[in-house]
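Spelled out from the first residue to the last, the chains are:
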Amino acid sequence: MTEEALDVMVVGSCMTDLVSQAPRLPKAGETIHGHKFFIGFGGKGANQCIQAARLGAKTAMVCKVGKDFFGDNYIQNFKDNGVNTDFVGQTSDAATGAASIIVNSAGENAIVIVAGANMLLGSEELQNALPAIKQAKVLVCQLEISPQTSLLALQMAQENKVKTIFNPAPAIPDLDAAFYRASDVFCCNESEAELLTGSSVVNVEDAHRAGRELLKRGCRSVVITLGPQGCVVLEAEESASKHVPTTAVTAVDTTGAGDSFTGALAFYMAHYPTMPLEEMARRANRVAGVSVQAVGTQASYPLRKDLPAELLQMPTIVCTVSQWCFQIFQVDSGAYRRKRPRFISSNLSRG
Ligand SMILES: Nc1ncnc2c1ncn2[C@@H]1O[C@H](COP(=O)(O)OP(=O)(O)OP(=O)(O)O)[C@@H](O)[C@H]1O
Ligand SMILES: [K+]
């Protein structure tokens, strides 16, 4: 059982990616030769957890894998990345989630996902994790496990004043309205925003409009990622929707960029709770921007040591403001002391 309070808990999926590269995709009933095969660690929940851990967050994963080779291997992968595995269950009733992926020479793919053990994660496992959830700073969920489990996890976190990030991926058109109310940050990409709002999202202007629509549904803030254009950020307390641009880089492989962004956002929310969301999004853009410059999903996620120091420090402006507030407080309490010296000294002598 976890003794130390956690920064980030992720309740979500683990998938083993089985990737074959071939000149073309096979037709029904056909067998063809490919030229390369590799196994990768994926699943949106695990990806986000690994990115947060690599940035230095104390993380735990709440998930279910099979009692099989892939499940054992995945648990070792979490351990190798410093992720707490106290809440990683193993079941004999289903296999570890797997994605069989075929990629042709044009970069097109055909994918079969078998969610397997991921769908067996339920309320019992969440109850076991509740003492740790209560102490965590941020809880993150997606939609690659049973939606009821994700919703319950978000609600448990919210009831215990733990900040929530919900990434509605892969998107479902009739998302239960309770998901919006349970989200401190509702973080999605353009196509998810499009599916959820029913209107096209292809540019920054569309994203502002979609964000306003999603915000109306009850979340505290919305982040919509826009690939090389960064993201837009909207907060319930602020009227303006803000575009947070990024430096576009030449992408080698964008797989898992969205999960890198969400995992980085979770890290910043846990480590710098007073940082403006816009600044967290600016930094998450930078982290995800590193991931698109390398091949693979988790393999492309940067470690803390790979990032410039400015992404891992409190911004100067926030330090200045808090020092300024502290000085005002000192001046105020000094004035108070000058006016009421006896009150202060009698309190002191009693103490
Ligand atoms: N070419 C790029 N240059 C710089 N940053 C990028 C680029 N592509 C993606 N990013 C960063 O990654 C974030 C997430 O990308 P995107 O919006 O494409 O997510 P996604 O569609 O969920 O990705 P994927 O499905 O490939 O994981 C962006 O908000 C941005 O910060
Ligand atoms: K990548």
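Predicted, not measured: the structure shown is a model, and the values here were computed from it.

Trainee: How should the site of ligand 1 be read in this particular structure?
Mentor: In the vicinity of ligand 1 lie 19 residues, with Thr-225, Gly-227, Gly-230, Thr-254 and Asn-285 positioned nearest. At a separation of 2.8 Å, an oxygen atom of ligand 1 approaches a polar backbone atom of Thr-254. In this structure, Gly-256 approaches ligand 1 through a main-chain N or O atom, which is 3.2 Å from an oxygen atom. Listing elements by their share of the shell around ligand 1, those giving two or more residues are helix 8 (257-271) and helix 9 (277-291). When the residues that make up the shell around ligand 1 are grouped by side-chain class, the tally is eight nonpolar, 11 polar and no charged.

Trainee: Which parts of the structure should I look at to understand the UniProt feature "domain: Carbohydrate kinase PfkB" (unreviewed entry) in the protein chain?
Mentor: Summarizing the sequence annotation, UniProt attributes the feature "domain: Carbohydrate kinase PfkB" (unreviewed entry) to residues 7-302 in the numbering used throughout. In this annotation, residues 7-302 is assigned 35% helix and 23% strand; the end-to-end C-alpha distance for the span is 18 Å.

Trainee: Please explain the UniProt feature "binding site: K(+)" (unreviewed entry) in the protein chain as it appears in this structure.
Mentor: According to UniProt, the positions carrying the feature "binding site: K(+)" (unreviewed entry) are Asp-253, Thr-255, Ser-291, Ala-294, Gly-296 and Ser-300. A stretch of 48 residues holds the annotated residues, and the largest C-alpha distance among them is 9.5 Å, short enough that they meet in one place. Examined against the element boundaries, Gly-296 turns out to sit in the loop between helix 9 and helix 10 (316-339). According to the relative accessible area criterion, Gly-296 is buried, its value standing at 19%. Not counting chain neighbours up to four residues away, the residues in contact with Gly-296 comprise Asp-253 and Thr-255. With respect to the secondary-structure elements, Ser-300 resides in the loop between helix 9 and helix 10. The exposure class assigned to Ser-300 is buried, which follows from its relative accessible area of 5%.

Trainee: Whenever I open this one, the packing of helix 1 (residues 44-54) against helix 8 confuses me. Can you help?
Mentor: Angle between the axes and distance between the axes: these two values describe a pair of packed helices. For the pair helix 1 and helix 8, the least separation of the axes is 7 Å and the interaxial angle reads 50°. When the axis of helix 1 is compared with that of helix 8, the two are oblique. Both helix 1 and helix 8 take part in a crossing whose hand is right-handed. Contacts between helix 1 and helix 8 involve Lys-44, Asn-47, Gln-48, Gln-51 and Ala-52 from the first element and Asp-259, Ser-260, Thr-262, Gly-263, Ala-264 and Phe-267 from the second. Partitioned by chemical class, the residues of the contact of helix 1 with helix 8 number three nonpolar, six polar and two charged.

Trainee: For this particular structure, what's the right way to read the pattern of salt bridges?
Mentor: If charged atoms from side chains of opposite charge come close, those side chains can pair. Evaluation of the coordinates by the stated rule reveals 15 salt bridges. For the salt bridge of Arg-283 with Glu-279, the shortest nitrogen-to-oxygen distance reads 2.7 Å. Taken together, the residues Arg-283 and Glu-279, both in helix 9 and four residues apart, mark about one turn of the helix. For the pair shown, Arg-283 and Glu-279 are each scored as buried. Each of Glu-279, Arg-282, Arg-283, Arg-286 and Glu-310 takes part in salt bridges that share partners, so that together they form one network.

Trainee: Whenever I open this one, the sheet that holds strand 6 (residues 98-103) confuses me. Can you help?
Mentor: Reading across from one edge, 3-2-6-7 is the order of the four strands in this open sheet, with mixed pairing throughout. Of all the strands in the sheet, just strand 3 (36-42) and strand 7 (109-114) have a single pairing partner and so form its edges. Pairwise comparison of adjacent strand axes, ignoring direction, gives a mean angle of 15° for this sheet. Across the face of the sheet, helix 2 (residues 69-80) comes into contact with strand 2 (15-21) and strand 3 while running at roughly 60° to strand 3.

The rules behind these values
Residues numbered from 1 in each chain as written. Chains lettered and ligands numbered in written order. Predicted model: local features only at pLDDT ≥ 70, side-chain atom pairs only at ≥ 80, totals over all residues. Heavy atoms only, no water. Near = heavy atom within 4 Å. Polar contact = N/O pair within 3.5 Å; in protein donor to acceptor, adjacent residues only side chain to side chain. Helix = DSSP H or I, 4+ residues; strand = E, 2+ residues; numbered from the N terminus. Nonpolar A, V, L, I, M, F, W, Y, C, P; charged D, E, K, R; others polar. UniProt positions renumbered as here; feature names shortened; annotations may be inferred. Buried < 20%, exposed > 50% of the residue type's maximum accessible area, 1.4 Å probe, protein only. Contact = heavy atoms within 4.5 Å. Axes fitted to C-alpha atoms, helices over the stretch in contact; angles between N-to-C directions. Parallel < 35°, antiparallel > 145°, perpendicular 65-115°, else oblique. Left-handed = near helix turned anticlockwise from the far one by under 90°. Salt bridge = Lys/Arg side-chain N within 4 Å of Asp/Glu carboxyl O. Pairing = 2+ DSSP bridges.

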